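# Analysis of the macromolecular model
Chain by chain, the residues run as shown.
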Amino acid sequence: MPPVAYQRPLPAQPVPDRKQRRGAFAASVIAASLLVGAGAGVGGAAGWSALQDDSSSASSSPSSASPVVDTPAAQSGNGSVEQVAQNLLPSVVKIDVSGPGGAGSGSGFIVTSDGQIVTNNHVVELAGQSGELRVSFNDGTHAKATVVGTDPLTDTAVIQAEGVSGLTPVTIGSSDSLQVGQSVVAIGSPFGLDATVTTGIVSALKRPVNVGSDGQGNSTVYPAVQTDAAINPGNSGGPLVDMNGHVVGINASIQTSGQGQMGGEPGSIGLGFAIPIDEVMPVIEQLEKGETPTHARLGISVQNVVSGSGQQSPGAIVEDGARISDVSNGSAAEGAGLRNGDVITKIDDTLITDADSLVATIRSYRPGDQVTVTYTRDGDQKTVTLKLDSDASTTNS
């Protein structure tokens, strides 16, 4: 039985472009396809340590990559917003996109000195097979760009700016080290206004955010870094950085209360969401190499647990846990003895509050990771340890 969609009073939206046509970048998400299998699962829970040795220099060669640093949990950074902005602006770009479906703009950040740039999948997908990408750098220069790889499940993409060298890559930090209340800075091109800097705090961590589907029934859900730094249409793909100037997230979506003034695009209400960098660095590295990204897979479909009649409907009270509605043949879940009707309440030490919470949590692991699943069956609590599958044979990028 497929999972039942349910209504969201305040939908999360991918941050759209400033000139979208026919809803090109961000239709309002009011229902969720809650699959945790058949390609579901994002990478990178266990603190990604390095793309290369920390000793690598960002300017040592034309293709030098972003250094990756380990920021201790207690270190919140002592730089000023002004210092962070001066250091990061040369590494943040505006991306103009045109294609058969319309035109728009987003943001990105440089990860190699020869022009590899990380952004959101929903920024570049408008170009399709025949569209164009143009990158605008902070010094006023421009370059055409091509897509290196995309991953709809994590809403990430890597593009290559053509004919450039000597660029300044960002430094990759650690989202696992973030703390609620910590100061952060967002940089991007909201409404096409390039080189815009906003600041705020980390409002919450591991917030399950569902922004739709990859087109194959697999939900794009991630354990987001929530921030009140102003994020608006056009900020998508830009970096969220700590006060050391290290990238800790990719700005990707906003919560909205409806349409903007006079029916225009909705804007920031202080609820923005970034994809945590630790979760997607393994995927980004695969994309940089031209590989098809892989994701952890539990092998189940899930629904929310609701009170009363058990029917998911607008206004139904959602109880803690995620109810299994289908178990895939040959999956890790089947091998561990999980069944339809079981309610998963915890993965390792992470409490599962609803179906999106389970999807986002599984997406924070890598294929082959071992996890302990706590669940209830007929009122009894049980635990089982299993090794997560990979969707290597099913993912399309």
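Conventions we followed
Residues numbered from 1 in each chain as written. Predicted model: local features only at pLDDT ≥ 70, side-chain atom pairs only at ≥ 80, totals over all residues. Heavy atoms only, no water. Helix = DSSP H or I, 4+ residues; strand = E, 2+ residues; numbered from the N terminus. Buried < 20%, exposed > 50% of the residue type's maximum accessible area, 1.4 Å probe, protein only. Contact = heavy atoms within 4.5 Å. Areas by Shrake-Rupley, 256 points an atom, 1.4 Å probe, with all protein chains shown as cover. Pairing = 2+ DSSP bridges. Axes fitted to C-alpha atoms, helices over the stretch in contact; angles between N-to-C directions. pLDDT = per-residue confidence, 0-100. Core = buried A, V, L, I, M, F, W, Y, C linked by side-chain atoms within 4.5 Å. Polar contact = N/O pair within 3.5 Å; in protein donor to acceptor, adjacent residues only side chain to side chain. Arc of directions from axis to C-beta.

### Some thoughts on the overall build of the protein
Across its full length, the protein carries five helices and 23 strands. Counting over 397 residues, the protein shows a buried share of 56%. Taking contacts inside the protein between residues at least 6 apart in sequence as the whole, the part at least 24 apart equals 68%. Looking at the protein as shown, the accessible area adds up to about 15,600 Å², and 46% of this sits on carbon and sulfur atoms.

### Overview of the sheet that holds strand 7 (residues 142–151)
Pairing is antiparallel in the closed barrel, where six strands are placed in the order 3-4-5-8-7-6. Between one strand axis and the next, the sheet turns by 40° as a mean value, whatever way the strands run. In the packing of helix 3 (residues 277–288) onto the sheet, contacts are made with strand 4 (102–110), strand 5 (116–119), strand 7 and strand 8 (156–161), and the angle to strand 8 comes to roughly 45°.

### Remarks on the confidence of the model for the protein
Residues with a pLDDT of 70 or more make up 74% of the protein, whose mean pLDDT is 80. Overall, residues 1–11 carries pLDDT values under 50, and its contacts beyond four positions in sequence, including any with other chains, amount to 37 contacts. For residues 16–62, every residue scores under 50 in pLDDT, and the model assigns this stretch 166 contacts once sequence neighbours within four places are set aside.

### Focus on unusual backbone geometry
Phi at Ala195 is positive, roughly 60°, even though this residue is not glycine. On the secondary structure map, Ala195 appears in the loop between strand 10 (183–188) and strand 11 (196–213). The class of Ala195 is partly exposed, set by a relative accessible area of 39%. In the Ramachandran plot, Asp348 falls in the positive-phi region, its phi being about 55° despite a non-glycine side chain. Along the polypeptide, Asp348 turns up in the loop between strand 19 (343–347) and strand 20 (350–351).

### Details of the nonpolar core
Counting residues in each nonpolar core, the largest one holds 30 residues, and the members touching the most others are Phe109, Tyr222, Ile250, Ile277 and Ile284. At the level of secondary structure, the elements contributing two or more residues to this core comprise helix 1 (81–88), strand 10, strand 11, strand 12 (219–227), strand 14 (246–255), strand 15 (272–276) and helix 3. A per-element tally of this core places helix 3 first, with six residues. If we ignore the near neighbours within four places in the chain, the residues touching Tyr222 are Arg207, Pro208, Val209, Val211, Ala252, Ser253, Phe273, Ala274, Ile275 and Ala360.

### Comments concerning the side chain of Ser253
Secondary-structure assignment places Ser253 in strand 14. Assessed through its relative accessible area of 0%, Ser253 is described here as buried.

### Re the side chain of Asp342
With respect to the helices and strands, Asp342 occurs in the loop between helix 4 (332–335) and strand 19. Asp342 gets classed as buried once you look at its relative accessible area, which sits at 1%. There is a polar contact of 2.8 Å between the side chain of Asp342 and the side chain of Arg377. With near-sequence residues (within four places) excluded, Asp342 lies in contact with Ala322, Arg323, Ile324, Gly337, Tyr375, Thr376 and Arg377.

### Here we look at helix 1
For the α-helix, the turn length of 3.6 residues means that residues three or four positions removed from each other point alike. Listed as buried for helix 1 are Val84, Ala85 and Leu88. Projected down its long axis, helix 1 shows its buried positions confined to an angular sector of 95°, all on one face. In helix 1, the exposed positions angled more than 90 degrees off the buried face are occupied by Glu82, Gln86 and Asn87.

### Quick word on helix 5 (residues 355–362)
With respect to burial, helix 5 is a largely interior element, eight of its eight residues being buried. Looking only at helix 5, the buried set comprises Ala355, Asp356, Ser357, Leu358, Val359, Ala360, Thr361 and Ile362. Among the residues of helix 5, the N-terminal cap falls to Asp354, whose side-chain oxygen and the backbone nitrogen of Asp356 are separated by 3.4 Å.

### Examining the pairing of strand 18 (residues 318–327)
Within a regular strand, side chains alternate between the sheet's two faces. In terms of strand pairing, strand 17 (residues 300–306) meets strand 18 through seven bridges, oriented antiparallel. Paired with Ser301 across the bridge in strand 18 is Asp326. Two strands pair when backbone bridges link them, and strand 18 and strand 19 are joined in this way by two bridges, in the antiparallel orientation. Following the sheet pairing, Arg323 is matched in strand 19 by Val343.

### Here's the deal with the pairing of strand 15
Buried residues dominate strand 15, accounting for five of its five residues. Pairing of strand 12 with strand 15, which is carried by three bridges, proceeds in the antiparallel orientation. Following the sheet pairing, Gln226 is matched in strand 15 by Phe273. Sheet analysis places strand 14 next to strand 15, joined by five bridges and oriented antiparallel. Looking at the pairing, Ile250 lines up with Ile275 of strand 15.

### Quick notes on the environment of Ser174
Mapped onto the secondary structure, Ser174 falls in the loop between strand 9 (171–172) and strand 10. On the basis of relative accessibility, which here comes to 9%, the residue Ser174 falls in the buried class. Of the polar contacts made by the side chain of Ser174, one reaches the backbone nitrogen of Asp176; its length is 3.4 Å. There is a polar contact of 3.1 Å between the side chain of Ser174 and the side chain of Asp278.

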